[in-house]
Amino acid sequence: MANSPTVDLGYFDESRSADVVNARMAGPGNERLRVVIGAIVRHLHAAVNEIEPTHEEWLAAIQFLTDTGHMCTDWRQEFILLSDILGVTMLVDAINHRRPSGATPNTILGPFYVAGAPEYPNGGNINLDGKGEPTLIVGRVSDVDGNPVAGARLDVWQTSNDGYYDVQQPDEQPAFNHRGVFQSDEDGRYWFKTVKPRFYPIPDDGPVGKLLRDIGRHPNRAAHLHFIVTAPGYEQVITHIFTPDCPYLREDTVFGVKADLVARFQPLEDPEMARVHDMPSPSLVVEWDFVLAKIATSDSPDPVLQSAAR
Ligand code: BEZ
Ligand code: FE
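Cut-off values and rules
Residues numbered from 1 in each chain as written. Chains lettered and ligands numbered in written order. Predicted model: local features only at pLDDT ≥ 70, side-chain atom pairs only at ≥ 80, totals over all residues. Heavy atoms only, no water. Buried < 20%, exposed > 50% of the residue type's maximum accessible area, 1.4 Å probe, protein only. Helix = DSSP H or I, 4+ residues; strand = E, 2+ residues; numbered from the N terminus. Pairing = 2+ DSSP bridges. Arc of directions from axis to C-beta. Contact = heavy atoms within 4.5 Å. Axes fitted to C-alpha atoms, helices over the stretch in contact; angles between N-to-C directions. Parallel < 35°, antiparallel > 145°, perpendicular 65-115°, else oblique. Nonpolar A, V, L, I, M, F, W, Y, C, P; charged D, E, K, R; others polar. Donors = N, O, S within 2.8 Å, 3.2 Å for Na, K, Ca; no water. Tetrahedral: all angles 85-135°; square planar, octahedral: opposite > 155°, others 65-115°. Domains from an automatic or database assignment. Near = heavy atom within 4 Å. Polar contact = N/O pair within 3.5 Å; in protein donor to acceptor, adjacent residues only side chain to side chain. Areas by Shrake-Rupley, 256 points an atom, 1.4 Å probe, with all protein chains shown as cover.

Comments concerning the pairing of strand 8 (residues 237-242)
(1) Moving on: By the criterion of burial, strand 8 is predominantly enclosed, with six of the six residues buried.
(2) Moving on: Judged by which residues are buried, strand 8 turns out to be covered on both faces: Val237, Thr239 and Ile241 on one side and Ile238, His240 and Phe242 on the other are all buried.
(3) Moving on: Both strand 7 (residues 224-230) and strand 8 contribute to a ladder of six bridges, which runs antiparallel. The residue bridging valine 229 from the neighbouring strand is valine 237, located in strand 8.

Some details on unusual backbone geometry
(1) Moving on: Residue proline 282 is reached from serine 281 by a cis peptide bond, and omega for that bond is 0°.
(2) Moving on: Summarising the element assignment, proline 282 is placed in the loop between helix 7 (271-276) and strand 10 (284-287).
(3) Moving on: For histidine 178, which is not glycine, the phi torsion reads 60° and is therefore positive.
(4) Moving on: With a phi angle near 55°, aspartate 278 is a residue other than glycine that sits in the positive phi range.

Points about helix 5 (residues 88-96)
(1) Moving on: Regarding helix 5, the residues found buried are Thr89, Met90 and Asp93. For helix 5, the arc enclosing every buried residue in end-on projection is 95°, short of the 170-degree limit, so these residues lie on one face.
(2) Moving on: Where the residues of helix 5 are buried, they touch helix 4 (78-85).

Some points on the packing of helix 3 (residues 55-71) against helix 6 (residues 207-214)
Two measures define how a pair of helices packs: the angle their axes make with one another and the distance between the axes.
(1) Moving on: Here helix 3 crosses helix 6 at 140°, and the two axes come no closer than 9 Å. By the angle between their axes, helix 3 is oblique relative to helix 6. Taking contact as the criterion, the partners of Phe64, Asp67, Thr68 and Met71 in helix 3 are, on helix 6, Pro207, Val208 and Leu211.
(2) Moving on: Taken together, the residues of the contact of helix 3 with helix 6 break down into five nonpolar, one polar and one charged.

What to know about the coordination of the iron ion (ligand 2)
(1) Moving on: Only Tyr165 (OH), Tyr200 (OH), His224 (NE2) and His226 (NE2) from the protein coordinate the iron ion (ligand 2), and they sit 1.9 to 2.1 Å from it.
(2) Moving on: One can describe the site at the iron ion (ligand 2) as irregular: its six donor atoms subtend angles covering 53 to 166° at the metal.
(3) Moving on: Positions of the donor residues of the iron ion (ligand 2), expressed as sequence spacing, correspond to Y-x34-Y-x23-H-x1-H. In this pair, tyrosine 165 is assigned in the loop between strand 2 (153-158) and strand 3 (179-183) and histidine 224 in strand 7, connecting sequence segments 59 residues apart.

Side note on the sheet that holds strand 8
(1) Moving on: Taken in spatial order, the four strands of this open sheet run 3-2-7-8, and their pairing is antiparallel. On the outer flanks of this sheet lie strand 3 and strand 8, each paired with one strand and no other. For this sheet, the mean angle separating the axes of adjacent strands, direction not counted, is 25°.
(2) Moving on: Where strand 2 lies against strand 7, six bridges are found, and the strand directions are antiparallel. Across the sheet, residue valine 156 finds its bridge partner in strand 7, namely phenylalanine 227.

A few points about the domain arrangement of the chain
(1) Moving on: Domain assignment breaks the chain into domain 1 (14-52) and domain 2 (95-202 + 215-309).
(2) Moving on: Centre-to-centre, using C-alpha coordinates, domain 1 lies 42 Å away from domain 2.

Thoughts on the site of ligand 1
(1) Moving on: Around ligand 1 sit Leu81, Asp84, Gly110, Pro111, Phe112, Tyr165, Tyr200, Ile202, Arg221, His224, His226 and Val254, and that is every residue in its neighbourhood.
(2) Moving on: Histidine 224 is positioned with one of its side-chain polar atoms (N or O) 3.1 Å from an oxygen atom of ligand 1.
(3) Moving on: One of the side-chain N or O atoms of histidine 226 is found 3.0 Å from an oxygen atom in ligand 1.
(4) Moving on: In isolation ligand 1 has 260 Å² of accessible area, and contact with the protein removes 100% of it.
(5) Moving on: For the shell around ligand 1, the elements supplying multiple residues, two or more each, are helix 4 and strand 7.
(6) Moving on: Each residue belonging to the shell around ligand 1 can be placed in one class, and the counts come to seven nonpolar, three polar and two charged.

Some words on the side chain of serine 17
(1) Moving on: Structurally, serine 17 can be placed in helix 1 (residues 17-22).
(2) Moving on: Apart from residues no more than four positions distant in its own chain, serine 17 is found in contact with Phe12 and His45.

The structure is reproduced here in structure tokens:
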């Protein structure tokens, strides 16, 4: 009988299988790990009870995980990709980056970040191959009270307008195409030139891509630019800005889109702005501000509670 108090947890019992397993963790050990494994065992047994898999189905699941492991190399992490398409990467990120209201939200880092991109002065052009729709990005870095953050470092990367990162096309794109590092000026301002990014598929030639196809999902990410924004005393922001007209905006395969990260890519119609920034016609312009949250110290009030109280 379910939840019978007479079940001896030393023996397997279908009705209390998770309790039987978790009861074994009685010896000395790592308490946090015990909590983690206890929760995973409870939820995994609940899922198996709900699904009631055949032996063949369970072996197919094991084979999928085996294939996922075999797909991993120094530069391909298929388990992270699995976590991405299940929405878990975004959930873990959200849990760990709860910010005060008004601060720029985080989103997924992804596998295409490359450290050591060239540093450019403001106004630099990261579109090294000259293809695509010229786009001027201008904005300001501030704190949550609107004070400028000078000297913030903005590390930017994105795909070409064909939807490929430079590292995916080493023979076709110049190294560090669509990558660059900028610094906000004394008023917190930054600006640079690039192209409008395009949507693209996540690497889908492995078990995760097959899984997506088998469950009727596409592999596409909504078009975006990546940013890592850092400044001393402020929380690092790993984020994107998204194009508003991408067909995949509301169905990003890794759930990376947050409403507050959708930008406006508008025709650059101000001739003075086009002249000052030496932009060709036609061009697009995006105005985008980053708002950084101070790093919480043990004696500073909790920023999330503070903003909730406002
Ligand atoms: C990316 O945006 O670069 C990305 C994120 C998650 C999985 C694959 C690619
Ligand atoms: Fe990306």
